[in-house]
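A look at the structure
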Amino acid sequence: MTRFPLTWPSPRCSLVGLLSMLVAACASSTPATPRAKSAAGERDTAIVHEPCDKDSASAEKVDVNGDGIPDIIHVKQDGREVCRVVDLNLDGAIDAFIYYDATGAERRRESDFDRDGRADEIAHYERGVVVLKERETNFDDKIDTWDFYEGSRLVRRERDSDGDQIVDQWWQFNNPNDERCAIVATDQNADGKPDPTSVVDLCAESYGAPKPIAPPPGSAAPPAAGASAAGQPAAPAASAAPAGSAPADAASQPDVKKGP
């Protein structure tokens, strides 16, 4: 696997998816991954750095915080910026390589989120809009997650959860208003396909707070206080006992011994 240095030379730094048919239908509406896939279903999970010559004579270096170390480097060819090197948090380590097409729109971004000097995510763009993110999520320096976007919205995810280079999870993000909602399917019998019995809806009631039970259609509201169930006035209350008189069933009540 090719690794790229993400450290500045400075003294201070040394879902889950759907069933087979649904997955196939989704694939037809989203860009295909540029990664090669063998006949056996294995994917190329290597993280490969695209060259960006930050040390070229034409590179323009910008020191944002005035510490003498460049924080942004614009790499140009024929007067056009082809890539950019960025230290977003000004800690002396490169956080991202950004690449541009002939029109100046972003086409690729390599990001290092855990500051270990290696990319954790490679995002692909078409006309400046993200269409695919290849991600490394378990710190083994291999791509294990492929996120597909439509109109900048995450719509589908494929994952290799066990590191064998074969996708075994399919996620379909079915709620545009809640990115946490997804229908997920897994490959439990190792045939390379989502198993129908494994489908889980992450926003189903069993995976969240139960919804309030609505009254059945046409049901009457409970009677108001003072009215009978049939809607007639309630029967008059028994007349009050004379002051000082004991209740009618006083004789049946046990004597209560009072304290001193």
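Nothing here was measured: the structure is a model prediction, and the numbers come from that model. Note that residues are indexed from 1 along each chain, following the sequence as it is written. Totals for whole chains, interfaces and linings use every residue, but because this is a predicted model, local features are given only for residues with pLDDT of at least 70 and side-chain atom pairs only at 80 or more, for both listing and counting. As a rule here, side-chain values come from all non-hydrogen atoms in the structure, and water together with hydrogens is ignored.

Okay, the sheet that holds strand β10 (residues 169–172) next. Only strands joined by at least two bridges in the DSSP assignment are considered to pair. Each helix is a run of H or I in the DSSP string that is no shorter than four residues. Each strand is a run of E no shorter than two, and both are numbered from the N terminus. If you trace the 12 strands from one edge of the open sheet to the other, you get β1-β2-β3-β4-β5-β6-β7-β8-β9-β10-β11-β12, paired in antiparallel fashion. Unpaired on one side and paired on the other, β1 (60–62) and β12 (200–201) mark the two borders of the sheet. As paired strands, strand β6 (residues 121–126) and strand β7 (residues 129–135) are joined by six bridges and run antiparallel to one another. When the bridges of β7 are listed, Tyr 125 appears paired with Val 130.

This paragraph deals with a nonpolar patch on the surface. On the surface, a nonpolar cluster with roughly 200 Å² of combined accessible area is contributed by Val 62, Val 64 and Leu 90. Residue position: Leu 90 is located in the loop between β3 (80–86) and β4 (96–100). The partly exposed category is assigned to Leu 90, whose relative accessible area is 31%. Each patch groups residues whose relative accessible area exceeds 30% and which form no salt bridge, using 9 Å between like charges and 5 Å between nonpolar side chains of Val, Leu, Ile, Met, Phe, Trp and Tyr. Each accessible area is a Shrake-Rupley result for a 1.4 Å probe, and residues are judged covered by the shown protein chains and nothing else. In the sections that follow, a salt bridge refers to a side-chain nitrogen of Lys or Arg positioned within 4 Å of a carboxyl oxygen of Asp or Glu. Three labels apply to residues, based on accessible area from a 1.4 Å probe with only protein chains included: buried if under 20% of the type maximum, exposed if over 50%, partly exposed otherwise in between.

Within the protein chain, residue pLDDT values average 77, and 64% of them lie at 70 or more. pLDDT runs from 0 to 100 and stands for how confident the predictor is about each residue. For this analysis, residues touch if any pair of their heavy atoms sits within 4.5 Å. Predicted confidence is poor over residues 227–231, with pLDDT under 50, and the contacts of this stretch with residues over four places away or in other chains come to six contacts. Below pLDDT 50 for its whole length, residues 256–260 participates in zero contacts with residues either more than four positions away or in separate chains.

Here the focus is the pairing of strand β5 (residues 106–111). In regular strands, side chains alternate between the two faces of the sheet. Here β4 pairs with β5 via five bridges, running antiparallel. Residue pairing in the sheet places Tyr 99 in a bridge with Arg 108 of β5. Between β4 and β5, which pair antiparallel in sequence order, lie five residues; one of them, Gly 104, sits at a positive phi of approximately 95 degrees. The sheet contact formed by β5 and β6 spans four bridges and is antiparallel. Residue pairing for β6: Arg 108 is matched across the bridge by His 124.

A separate point is empty space enclosed by the protein. Space left empty within the atom packing is revealed by a probe, the size of a water molecule, rolled over the atoms. Think of a 1 Å grid over the protein atoms and nothing else: a 1.4 Å probe that fits but is trapped marks a cavity, an open set flanked by protein within 12 Å on at least five of seven lines marks a pocket, and residues with an atom within 4 Å of a point count as lining. Grid points are joined across faces, edges and corners, and a volume is the space filled by probe spheres set on the points. Of the pockets and cavities examined, the largest cavity occupies roughly 40 Å³. What lines the largest cavity is simply Thr 45, Asp 140, Lys 142, Ile 143, Asp 144, Asp 160, Gly 163 and Gln 165. In this classification, Asp, Glu, Lys and Arg are treated as charged, Ala, Val, Leu, Ile, Met, Phe, Trp, Tyr, Cys and Pro as nonpolar, and every other residue, Gly included, as polar. Here the lining of the largest cavity is built from residues that sort into one nonpolar, three polar and four charged.

Let us now look at the state of the cysteines. We call a pair of cysteine sulfur atoms a disulfide whenever their separation is within 2.5 Å. On inspection of all chains with the given rule, the structure shows two disulfides. Put simply, Cys 52 and Cys 83 are joined by a disulfide, and their sulfur atoms are 2.1 Å apart. As the torsion about the S-S bond is roughly 95 degrees, the Cys 52-Cys 83 disulfide counts as right-handed. Remark: Cys 83 occurs in strand β3 and Cys 52 occurs in the loop between α1 (20–29) and β1; sequence separation between them is 31 residues. Paired by a disulfide, Cys 181 and Cys 203 hold their sulfur atoms 1.8 Å apart. Across the S-S bond of Cys 181 and Cys 203 the torsion is about -85 degrees, and the bridge reads as left-handed. Here Cys 181 is found in the loop between β10 and β11 (183–186), whereas its partner Cys 203 is found in the segment after β12, with 22 residues between them in sequence. Looking at Cys 181, the relative accessible area reads 3%, which means it is buried. Classification of Cys 203 as partly exposed rests on a relative accessible area of 38%. Going through the protein chain in sequence order and numbering each bonded cysteine, the pairs you get are 1-2, 3-4.

A separate point is the pairing of β6. By the criterion of burial, β6 is predominantly enclosed, with five of the six residues buried. Hairpin connection, β6 to β7: the antiparallel pair is bridged by two residues, and Arg 127 has positive phi, about 55 degrees.

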